2 protein chains.
Amino acid sequence: MGSDGDHTTAKPKRAARLIDVARVAKVSRATAARALGGYGVVTPDTQQRVLEAAASLDYRVNDLARSMRSGRTLTIGVVVADISNSFTLTSIRGIIAAAAGAGYQSLVLNTDGDVEREREAVRVLREKRVDGLLIVPASRMEVEHLVSTRRHEAPIVLLDRFIDGFALDSVITDDFGGAHAAVRLLIERGHRQIGLLLGTAAHHGHQESEPVDTVSTVVERARGAAAAFAEAGLVLDPGLVRYAGSVAATAVAAARHLLARTPRPTAIFAGNEEMLLGALAAARELDLSIDRDLSLIGFDDAPWLAVFQPALSVVSRPTYELGQQAVNRLLAHINGESRLRRVELKTTVIDRGSIADLRS
Amino acid sequence: MGSDGDHTTAKPKRAARLIDVARVAKVSRATAARALGGYGVVTPDTQQRVLEAAASLDYRVNDLARSMRSGRTLTIGVVVADISNSFTLTSIRGIIAAAAGAGYQSLVLNTDGDVEREREAVRVLREKRVDGLLIVPASRMEVEHLVSTRRHEAPIVLLDRFIDGFALDSVITDDFGGAHAAVRLLIERGHRQIGLLLGTAAHHGHQESEPVDTVSTVVERARGAAAAFAEAGLVLDPGLVRYAGSVAATAVAAARHLLARTPRPTAIFAGNEEMLLGALAAARELDLSIDRDLSLIGFDDAPWLAVFQPALSVVSRPTYELGQQAVNRLLAHINGESRLRRVELKTTVIDRGSIADLRS
DNA sequence: GGCCGATGTGAGATCGATCTCTTATGCGAT
DNA sequence: ATCGCATAAGAGATCGATCTCACATCGGCC
C-alpha cells in the first residue's frame, strides 16, 4: 500500500492547496498563484506545468483565503421580506443574473418582514464581508442598521423602497403613477364606489387607517389612488380604504369588509398580489362574478395570472429589470462611485377585461 | 462629544479587528477571542471588559478569518434547477428554516436544469468551502461531479431525486404512490381515455417517448400511472403519454396534442405544476370546461391553486418537510454519521372536484 | 515550607492565497 | 566588457481569528 493507504476504495487525499500545486510544478507559491490567477507574468511553459499540476491534484482555490487576503468576496448580500412573493422572486432572479454577469455571487436572506431579523441579516452579511448589500427594508422608521458607520463599509442600495432624507441609492418603480392610472381607469369606466385594498407588512393586522410605519411603495400607491380621485373631482370615502397585512387570512378579511358595505363597491383596486388573491377569495365567498358583479384591478403581474380565469387586469412593473438596475447601482458604488441616485422605472396598466364599463 | 473625531458627519474609522478590542480591553487576542466566542475560561470581570470594548468599537467578527482557521463555514450549499417553481421554493423555505435552526446559513444557486451550470455551482460551493451540499441533480447520467474524490469532503444529500447504485443519501417523496393513486382515482370514476402529461427537464422539447435521461421523479410517476392501468386490467395507449420540457410553451403544445386525439381524452394527469398550467391553457384554447368536458388532476399543490377557479384536484406532497428532512440528513453527515439512508415521504391526493364521475 | 492541581492569561503558530519587494537571468546597446 | 533594462520567478509579509501550549498565580494540603 502507498503512503496514504489506498486499500480498496477511493483516494483518501486531503484537499490540495496551492503549495501542493507549486511543489508538483516545481515552482514557488507566488508563481503558481500567478499562473492560476491569470495576473502578473508567467512563461507559457511554466503556466502549462502549473495548470497540469493543478489538474492532476484536482486543486480548487480556497475562496475564504483568497477573499481574506484580497479584501473582496465578490459576493453581494440581498435582504428581502419574502422570497415566495412572485414580485420579489422575479426581482431576485434579475439580481442573481445581473450579479452573475459581473462575476458576483448573491447571498439571499429573508426576514418575513421582521425588522429584528432584518438587522440580524445585515449583521450576518457584514460579518461575511459581502462587498455590497441590496435591501428591501421592512420599515421606514427603524433604519439605524442601514446607516454606514465607517469608511469603506460595504455600500447599500435600497430595492423597491426609498426613505426620505437618507443618503442611500434607491431603485424603485413608479408606484404613484401605477396606482393613479389604475384608479383613473376605474373612474373613467364609470365606477364611483371603488374599494382600495392596500397591503402592508405581514405582521400588521387588518385595519382601516394607514399604519404609522408604512413602506414607501404603499404610501405612494395610496397617494396615486387619491390623486386620481381628486383629479376627477371625487371625494374618497375613507371607509372604502383598507390596509391589511400581506398574508392570505387578513387580506380576505379586509376584502370581506369592503364588500359588506352598502352600497357594495363596484370595483376594487388591490394593491399587491396578496390583496388580489384576498379580493378574489372574498368575491368567491359572496358568489360575485368578476366583471359582471365586481370589477378588479391588481398590482404586479404574477405568473399565475397568465392562465387565470377570468383574466385579470393589473398594473405591471418591470420587476426583473428592477433587480438588474439595483445591481448596476450597487456595483457602481462598490467600484467607487459616490454620487447618489434614485432610479425609477415606469409601470404599465394591462387591461385584460376584468373592469366593467358602467357607462354603457 | 466623544473622543473619536465627531466633526460634522460620520466617523471615518476602519473596521475594528479583534486586536483592537484586545487593546482597548487591555487583554491579549486569545483572551478577547475567548470572551467573545464563549469558549475556554475567562473571569467574569475580564469578559465584561472585553464585551464593553467590543461594543464601543462596534466590533464584528470576520467570518472569513474564523472559517478559515476553524475549517467550518456553518454554511450549506443548495443547488436547484429553478427557484421560481413553487415546489422548489417551498422546499427551499424548509431548508433555510431547518438550517437556520441549527445555526447554518444556506447558499442557494440555481442552474435552470443545465448540467454544466450544475457542475459549476458545485465547484463554486466547494471553493467557498461549504460544510455540505443539498442537490436536486438535473441528470441521472452525468453525475461525476457528485462523487466525493477525497476524505473529509463536504457531504452531499440528494433532494427529490435518487440515483441507483450511488452512495448518497436521498430524501424524496412517494412519487410512484402519488401518481398511482391519482390515476387509479380517474379509472375508478370511469375514465378510460386518460392522457398522461409528464414534465421533464426544461431543455427537452415536446416528445412522445420517454427521454433517455429522465430524473427519478418522472420515471416513478410514469411507473405509478402505468401500474394503476395494469391493476385495472387496462392497456395504456402509448399515444396518450406525452413528455414535455417544464416550460410554458412546450407544456401547452404537448397538451394540445393530447386533446387533439380522437377520441379526445376525458381526463389528464398532469405530472407537475407546469404541465397543469399547460393543460389548463390548452383546455381554454379549445373552450373545454374543466370537470364537464375534461377532468384534470395535477401534481404539487401550488399556492395559486388555493384561489383558482375551478378548484383543481392534485397530488400533494409535504414539500416544506422534504427540505427540512434533507437538512437533517445533511447535518447528520456533517456531524460524522456515515450510514446511508433513503428517506421517503408520503403523498396525498386532494380531490377538489375537478374529476368528473363518468359512471353516473 | 514546599508541592500539586486548578485556573486564568498570553505568546506564537496556523489556516491558504495574494501581494510586494527583491533577486536572478538574459539580451541589446554603448 | 559593461551597463541598463525588461522579464521571470522566489522569499516573505500579510489578512484576522483561533487554537495549542506554556506560564503565572493562588489556595489547599501534607
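Residues numbered from 1 in each chain as written. Chains lettered and ligands numbered in written order. Predicted model: local features only at pLDDT ≥ 70, side-chain atom pairs only at ≥ 80, totals over all residues. Heavy atoms only, no water.

**Comments concerning the domain arrangement of chain A**
Interfaces are frequently sized by the accessible area removed from exposure as the parts join. Residue and element names in this part refer to chain A. Domains assigned within chain A are domain 1 (18–61), domain 2 (73–173 + 319–344) and domain 3 (175–318). Here the C-alpha centroids of domain 2 and domain 3 sit 28 Å apart. For the pair domain 2 and domain 3, the summed buried area comes to about 1500 Å², and 43% of that belongs to carbon and sulfur atoms. By the criterion of area lost to domain 3, the three top residues of domain 2 are Ser-86, Arg-140 and Thr-173, representing 34% of everything that side buries. The salt bridge partner of Asp-160 is Arg-317, with a shortest N-O separation of 2.9 Å. Counting across the interface, domain 2 meets domain 3 through 12 residue pairs in polar contact (both at pLDDT 80 or more). Counting only elements with at least two residues in the side of domain 2 that touches domain 3, the list comes to helix 5 (86–101) and helix 11 (319–334). (Domains from an automatic or database assignment. Buried area = accessible area lost by both parts, 1.4 Å probe. Salt bridge = Lys/Arg side-chain N within 4 Å of Asp/Glu carboxyl O. Polar contact = N/O pair within 3.5 Å; in protein donor to acceptor, adjacent residues only side chain to side chain. Helix = DSSP H or I, 4+ residues; strand = E, 2+ residues; numbered from the N terminus.)

**Section: the sheet that holds strand 12 (residues 342–345) of chain B**
Residue and element names in this part refer to chain B. Read from one edge to the other, the open sheet built from six strands follows the order 2-1-3-4-5-12, with strand pairing classed as parallel. Every other strand in the sheet has two partners, leaving strand 2 (105–110) and strand 12 as the edge strands with one partner each. Across the sheet, the axes of successive neighbouring strands diverge by a mean angle of 15°, strand direction being ignored. Two strands pair when backbone bridges link them, and strand 1 (residues 75–80) and strand 2 are joined in this way by six bridges, in the parallel orientation. Its bridge partner being in strand 2, Gly-77 is matched across the sheet by Leu-107. (Pairing = 2+ DSSP bridges. Axes fitted to C-alpha atoms, helices over the stretch in contact; angles between N-to-C directions.)

**Remarks on the interface of chain A and chain B**
With 48 residues of chain A at the interface, the matching set in chain B holds 48 residues. Taken together, both faces of the contact between chain A and chain B bury some 4700 Å²; the carbon and sulfur share is 55%. Three residues stand out in chain A for area buried against chain B, namely Arg-60, Leu-64 and Arg-150 of chain A, and they jointly supply 16% of the buried area on that side. The tally of links from chain A across to chain B stands at eight salt bridges. Put simply, chain A and chain B have 14 residue pairs in polar contact (both at pLDDT 80 or more) between them. Looking at the side of chain A that touches chain B, the elements that each hand over two or more residues are helix 4 (63–70), helix 5, strand 2 (105–110), helix 6 (115–127) and helix 10 (273–285) of chain A. (Contact = heavy atoms within 4.5 Å.)

**Observations regarding the protein's contact with DNA strand C**
With respect to spatial proximity, 25 residues lie near DNA strand C, and among them Leu-18, Arg-29, Tyr-59 and Arg-66 of chain A together with Thr-46 of chain B are the closest. Sugar and phosphate atoms represent 64% of those atoms of DNA strand C found within 4 Å of the protein. Arg-69 of chain A places a polar side-chain atom, nitrogen or oxygen, 3.4 Å from a base oxygen of DNA strand C. Mapped onto the surface near DNA strand C, the elements with two or more residues apiece are helix 2 (29–37) and helix 4 of chain A together with helix 2 (29–37) and helix 4 (63–70) of chain B. Per-element accounting of the surface near DNA strand C gives the leading share, four residues, to helix 2 of chain B. In terms of residue class, the surface near DNA strand C is made up of 12 nonpolar, five polar and eight charged. (Near = heavy atom within 4 Å. Nonpolar A, V, L, I, M, F, W, Y, C, P; charged D, E, K, R; others polar.)

**Observations concerning the environment of Leu-134 of chain B**
All names here are of chain B. Structurally, the position occupied by Leu-134 is in strand 3 (residues 132–135). According to the relative accessible area criterion, Leu-134 is buried, its value standing at 1%. Put simply, Leu-134 and Ser-170 are 36 residues apart on the chain and 9.6 Å apart in space, counted from C-alpha to C-alpha. Every residue in contact with Leu-134, bar those within four places of it in the chain, is listed here: Ile-76, Gly-77, Val-78, Val-79, Ile-95, Val-157, Ala-326, Val-327 and Leu-330. (Buried < 20%, exposed > 50% of the residue type's maximum accessible area, 1.4 Å probe, protein only.)

**Section: the protein's contact with DNA strand D**
Close to DNA strand D lie 25 residues; Thr-31 and Thr-46 of chain A together with Leu-18, Arg-29 and Arg-66 of chain B are nearest. When the atoms of DNA strand D within 4 Å of the protein are grouped by moiety, sugar and phosphate amount to 64% of the total. Contact between DNA strand D and Arg-69 of chain B: a base oxygen at 3.4 Å from a side-chain N or O atom of the residue. Broken down by secondary-structure element, the contributors of at least two residues to the surface near DNA strand D are helix 2 and helix 4 of chain A together with helix 2 and helix 4 of chain B. Among the elements that line the surface near DNA strand D, the one with the most residues is helix 2 of chain A, at four residues.

**Some remarks on helix 6 (residues 115–127) of chain B**
With 13 residues, helix 6 of chain B ought to run about 18 Å at 1.5 Å a step, and its terminal C-alpha atoms sit 18 Å apart, in line with that. Taken residue by residue, helix 6 of chain B has Val-115, Glu-118, Ala-121, Val-122, Val-124, Leu-125, Arg-126 and Glu-127 of chain B as its buried positions. Buried residues along helix 6 of chain B sit against helix 4 and strand 2 of chain A together with strand 1, strand 2, strand 3 and strand 4 (156–159) of chain B. Positive phi appears at Arg-129 of chain B, one or two residues downstream of helix 6 of chain B, with a value of about 60°. (Expected span 1.5 Å × (residues − 1).)

**Focus: empty space enclosed by the protein**
Evaluated as defined, the whole model comprises two cavities of 30 Å³ or more. In this structure, the largest cavity occupies an estimated 260 Å³ of space. Along the wall of the largest cavity there are 16 residues; nearest its centre are Leu-64, Leu-107 and Lys-128 of chain A together with Leu-64 and Lys-128 of chain B. Listed by contribution, the elements that provide at least two residues to the lining of the largest cavity are helix 4 of chain A together with helix 4 of chain B. Taken together, the residues that form the lining of the largest cavity break down as six nonpolar, six polar and four charged. The computed volume of the second largest cavity comes to approximately 180 Å³. Every residue lining the second largest cavity is counted, 16 residues in all, and those nearest its centre are Ile-83 and Val-108 of chain A together with Ile-83, Ile-92 and Val-108 of chain B. Taken together, the elements giving at least two residues each to the lining of the second largest cavity come down to helix 5 and strand 2 of chain A together with helix 5 (86–101) and strand 2 of chain B. Across the lining of the second largest cavity, the residue classes break down as 12 nonpolar, four polar and no charged. (1 Å grid on protein atoms, 1.4 Å probe; cavity = no way out; pocket = protein on both sides within 12 Å on 5 of 7 lines; lining within 4 Å. Points joined across faces, edges and corners; volume = space filled by probe spheres on them.)

**Quick look at the side chain of Asp-169 of chain A**
Residue and element names in this part refer to chain A. When you line up the elements, Asp-169 lands in strand 5 (residues 169–173). Classification of Asp-169 as buried rests on a relative accessible area of 1%. A polar atom in the side chain of Asp-169 sits 2.9 Å from the side chain of His-333. A polar contact of 2.8 Å, which involves the side chain of Asp-169, links it to the backbone nitrogen of Arg-341. Setting aside residues no more than four positions away along its own chain, Asp-169 makes contact with Ile-156, Val-157, Leu-158, Arg-329, His-333, Arg-339, Leu-340 and Arg-341.

**Quick look at the nonpolar core**
Ranked by size, the top nonpolar core spans 58 residues in total, and within it Trp-304 and Leu-312 of chain A carry the most contacts. Put simply, the parts of the chain that give this core at least two residues each are helix 9 (248–259), strand 9 (267–270) and helix 10 of chain A together with helix 9 (248–259), strand 9 (267–270) and helix 10 (273–285) of chain B. When residues no more than four places from it in sequence are discounted, the contact partners of Leu-312 of chain A are Leu-276, Leu-280, Ile-290, Leu-296, Trp-304, Leu-305, Arg-352 and Ser-354 of chain A. Listed in part, the 48 residues of the second largest apolar core include Phe-87 and Val-157 of chain A together with Val-80 and Ala-326 of chain B. (Core = buried A, V, L, I, M, F, W, Y, C linked by side-chain atoms within 4.5 Å.)

**Regarding the packing of helix 4 of chain A against helix 4 of chain B**
Closest axis-to-axis distance for the helix 4 of chain A/helix 4 of chain B pair is 9 Å, and the angle between their directions is 140°. In terms of their interaxial angle, helix 4 of chain A and helix 4 of chain B are classed as oblique. Here helix 4 of chain A runs over helix 4 of chain B; the crossing is left-handed. Counted together, Leu-64, Ala-65, Ser-67 and Met-68 of chain A of helix 4 of chain A and Leu-64, Ala-65, Ser-67 and Met-68 of chain B of helix 4 of chain B form the full contact between these two elements. For the contact of helix 4 of chain A with helix 4 of chain B, the residue count by class is six nonpolar, two polar and no charged. (Parallel < 35°, antiparallel > 145°, perpendicular 65-115°, else oblique. Left-handed = near helix turned anticlockwise from the far one by under 90°.)

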